[in-house]
Number of protein chains: 2
Amino acid sequence: MAATIKDIARLAGVSPATVSRVLANKTAFYGPATAQKVQAAALKLGYRKNTAAAELVTQRSNVIAVVVNSVKTNFSSQIITGIQDTAAAHGLNVIIVYAGIVDPEAQRKALLTVIERPVMGILLLSINLTPENLALLQGAQTPYCFLSIAFDDGDLPSIASDDWQVGYEATQTLLKAGHRKIGLAAVDSDSHTGRFRLAGYESALRDAGVTPQADWVQPGVYSYAAGREAMAAYGATSGLTGVVAGSDMAAIGVLNQSRDLGLRVPNDLSIVSIDGTEMCELVQPQLTSVSQNFYDMGAAGVRQLLEPDKQSQQVTPIRVVDRQTVRVL
Amino acid sequence: MAATIKDIARLAGVSPATVSRVLANKTAFYGPATAQKVQAAALKLGYRKNTAAAELVTQRSNVIAVVVNSVKTNFSSQIITGIQDTAAAHGLNVIIVYAGIVDPEAQRKALLTVIERPVMGILLLSINLTPENLALLQGAQTPYCFLSIAFDDGDLPSIASDDWQVGYEATQTLLKAGHRKIGLAAVDSDSHTGRFRLAGYESALRDAGVTPQADWVQPGVYSYAAGREAMAAYGATSGLTGVVAGSDMAAIGVLNQSRDLGLRVPNDLSIVSIDGTEMCELVQPQLTSVSQNFYDMGAAGVRQLLEPDKQSQQVTPIRVVDRQTVRVL
DNA sequence: CTGTTAGCGCCTTCAT
DNA sequence: ATGAAGGCGCTAACAG
């Protein structure tokens, strides 16, 4: 059995309440003499506080839970770092749980492990909840905030980039370099994110006097495989001179598939990636990207949890980072 | 306030004990009629069990905690998937907490958030604890197991590849291809892992009749930057025809730095990477690697937690995967 | 400054 | 098949 404050109390010859006080550093409520005794006893017994018990009585917790949709994503590490740093600055602890990317049952289980214990807030990274699971989340009396994902329904608190703008600027980067026939690869057509990026892409095209063509867009789930498939679908003779890819991984898929098709990047094909993670600088040529500020998303998420009443739909800025995959025509 | 079993009891007109029983599915102890009433009431109140309270009384938990050393690593995702799947198969939940890679204080805080609440076991991914923090961990009455890291001290439960063998086989892969002057890059010289890989590397060299040279090894912390630095230290004219890199990220660093030095891979320089994550197939040329079985490490870790008395030092098999960075001389 | 008392939400004998 | 009672480890009044 682990030692409890009662054990300490007995050993130190004081009451449990006193032990609780010195262990909680309520300095106004005990003298130095007892403090000594108590701390010595605690040390000798190898005492570890049972936080669950403490949280049960105080009705509050200092842990924030992060629900992540899949182990595969790599941008999540930046968001998590932002969360971690900001949480630490506020004396908060962070725990992470993985939910399946689509499986509603896995999603539900992840939510439950988080909801069924005392957490002060929940951050959901790029998670698309089923209506049932959303109800579950809202039923819990816990502040929450979606990160890196936005909704048509304006009531859900979220922090994300402006997806329309992302699509627009990515496309414009190519347009400015003189490209006219531009593809959009591995962006999904179901989600808010995908639809807005598509809309931004089309607007940019139209603003430049280019009429979007249906076969220029090859939807997909933002993965490496989706990028490869999209590029394979275009083929070597599509006439496209530029492609906007839905994520860094997708961009690498496009890049590698281009190579397999005998296309050189950026000579034969220019690529603009969306996300701007470290991946962009690991591959050759380095990917020009519309970079999101994931770190700030995480940081803002924590702050949002701290003041749940504030403005709920936040937008983080993006910027285009020119590297090596856009050729000026 | 969230609803409690008392609220349900009142609404359903039964006692809290009965509510507890039907909610826990103790089917032998209640009739279908009451079950109906209770479940209806629970649903209406949006009841969520307070797991912390339940764990407080039952003195056990079904969550296993994973401590990860940094957000940057990418092999951890495979281990976590292995953990996740195996845990789910046993009805266990998984939470993850990040500890700083070296900062002892961050390490300590991560450990505490995990130790100070009821978890049935702790898995530590590639974590090197300070003696104090190790004592802390051992002081907690919780089973634990280190993953992807081994120790000279044979008493600590751990599951990892045989690092000597990793070093040996990586080097041998190059040797077999006819290389003689072979570097070892971005392996640290302090840890068990690093020292054993180094020893394996030297043994392979000697077994092939090659005398290791001091300037063939450029230690580092397994990172992309370390890989780049190691290669930069070798320079373009080292005479090395092959390099073993300490991790996939390090290998990519070596690869990119080689390119900057004007060396073509594998024509001028062959590379064998250690880890074998998906990264190997994303870069060009694809990295030949000594691949570790991270998924199984995670799975075995969960099993180890379940039977803490069994054999404590386990080794998972490795295999070399030939891709495109080793040229046969 | 310190001890006593009560109770957080839940589970579990022990009766009935 | 169900209720009453006690207690898990801790903290928060309330007395003193």
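Criteria and cut-off values
Residues numbered from 1 in each chain as written. Chains lettered and ligands numbered in written order. Predicted model: local features only at pLDDT ≥ 70, side-chain atom pairs only at ≥ 80, totals over all residues. Heavy atoms only, no water. Buried < 20%, exposed > 50% of the residue type's maximum accessible area, 1.4 Å probe, protein only. Helix = DSSP H or I, 4+ residues; strand = E, 2+ residues; numbered from the N terminus. Arc of directions from axis to C-beta. Contact = heavy atoms within 4.5 Å. Core = buried A, V, L, I, M, F, W, Y, C linked by side-chain atoms within 4.5 Å. Least-squares fit on C-alpha atoms with pLDDT ≥ 70 in both. UniProt positions renumbered as here; feature names shortened; annotations may be inferred. Near = heavy atom within 4 Å. Polar contact = N/O pair within 3.5 Å; in protein donor to acceptor, adjacent residues only side chain to side chain. Nonpolar A, V, L, I, M, F, W, Y, C, P; charged D, E, K, R; others polar. Buried area = accessible area lost by both parts, 1.4 Å probe. Salt bridge = Lys/Arg side-chain N within 4 Å of Asp/Glu carboxyl O. Pairing = 2+ DSSP bridges.

## Regarding helix H7 (residues 131-139) of chain A
Residue and element names in this part refer to chain A.
Next up, step 1: Those residues of H7 lying buried are Asn133, Leu134, Leu136 and Leu137. Here the buried residues of H7 occupy an arc of 155 degrees about the axis, which is enough to place them on one side. Facing away from the buried surface of H7 by more than 90 degrees, the exposed residues are Pro131 and Glu132.
Next up, step 2: Tucked into the core, H7 has its buried residues touching helix H6 (104-115), strand E3 (121-125) and strand E4 (144-147).

## Quick word on the nonpolar core
Next up, step 1: Counting 88 residues, the largest nonpolar core has Val254 and Ile271 of chain A together with Val254 and Ile271 of chain B as the members making the most contacts within it.
Next up, step 2: Judged by nonpolar contacts, the second largest core, of 50 residues, contains Ile122 and Phe146 of chain A together with Val119 and Leu134 of chain B.

## Quick look at the relation of the copies chain B and chain A
Next up, step 1: The two copies are related by a screw motion: chain B maps onto chain A through a turn of 180 degrees and a shift of 0.1 Å along the axis, at an RMSD of 0.2 Å. In symmetry terms, the pair is related by a two-fold rotation axis.
Next up, step 2: A shared interface surface links the copies, since 100% of the contact residues of chain B are contact residues in chain A too.

## Quick notes on the UniProt feature "domain: HTH lacI-type" (unreviewed entry) in chain A
Next up, step 1: Look at the UniProt record and you will see "domain: HTH lacI-type" (unreviewed entry) annotated at residues 3-58 of chain A.
Next up, step 2: For residues 3-58 of chain A, helix accounts for 68% and strand for 0%, while the C-alpha atoms at its two ends are 21 Å apart.

## Side note on the protein's contact with DNA strand C
Next up, step 1: The immediate surroundings of DNA strand C are formed by 31 residues, with Thr18, Arg21 and Thr34 of chain A together with Ile5 and Tyr47 of chain B found nearest.
Next up, step 2: Near-protein atoms of DNA strand C (within 4 Å) split between backbone and bases, with sugar and phosphate holding 70%.
Next up, step 3: Ser15 of chain A places a main-chain nitrogen or oxygen 2.9 Å from a phosphate oxygen of DNA strand C.
Next up, step 4: Contact distances for DNA strand C include 3.3 Å between a base nitrogen and a backbone N or O atom of Ala53 of chain B.
Next up, step 5: Contributions of two or more residues to the surface near DNA strand C are made by helix H2 (16-23) and helix H4 (51-58) of chain A together with helix H1 (5-12), helix H2 (16-23) and helix H4 (51-58) of chain B.
Next up, step 6: Sorting elements by how many residues they give to the surface near DNA strand C places H4 of chain B first, with 5 residues.
Next up, step 7: Considered class by class, the residues forming the surface near DNA strand C number 15 nonpolar, 10 polar and 6 charged.

## Focus on the interface of chain B and chain A
Next up, step 1: On the chain A side, the residues contacting the 41 residues of chain B number 41 residues.
Next up, step 2: Summed over both sides, the interface of chain B with chain A buries roughly 3700 Å², with 59% coming from carbon and sulfur.
Next up, step 3: When residues of chain B are sorted by the area they lose upon contact with chain A, Arg48, Glu116 and Leu282 of chain B head the list and together hold 17% of the total.
Next up, step 4: Seen at the junction of chain B and chain A, the total is 4 salt bridges.
Next up, step 5: Note that Glu55 of chain A and Arg117 of chain B form a salt bridge whose closest N and O atoms lie 3.5 Å from each other.

## Focus: the pairing of strand E2 (residues 93-98) of chain B
Residues and elements named next belong to chain B.
Next up, step 1: Summarising burial for E2: 6 of the 6 residues are buried, a large majority.
Next up, step 2: Alternating positions in E2 separate into two faces, Asn93, Ile95 and Val97 on one and Val94, Ile96 and Tyr98 on the other, with burial throughout.
Next up, step 3: Pairing of strand E1 (residues 63-68) with E2 involves 6 bridges; the strand directions are parallel. What sits directly across from Val63, in E2, is Asn93.

## A few points about the sheet that holds strand E7 (residues 217-218) of chain A
Residue and element names in this part refer to chain A.
Next up, step 1: Here we have 6 strands laid out as an open sheet, ordered E7-E6-E8-E9-E10-E12, and mixed in their pairing. If you trace the sheet from one side to the other, it starts and ends with E7 and strand E12 (318-321), each paired once.
Next up, step 2: In the sheet, strand E10 (residues 288-292) pairs with E12 via 4 bridges, with the strands oriented antiparallel. Bridge pairing in E12 places Gln292 opposite Ile318.

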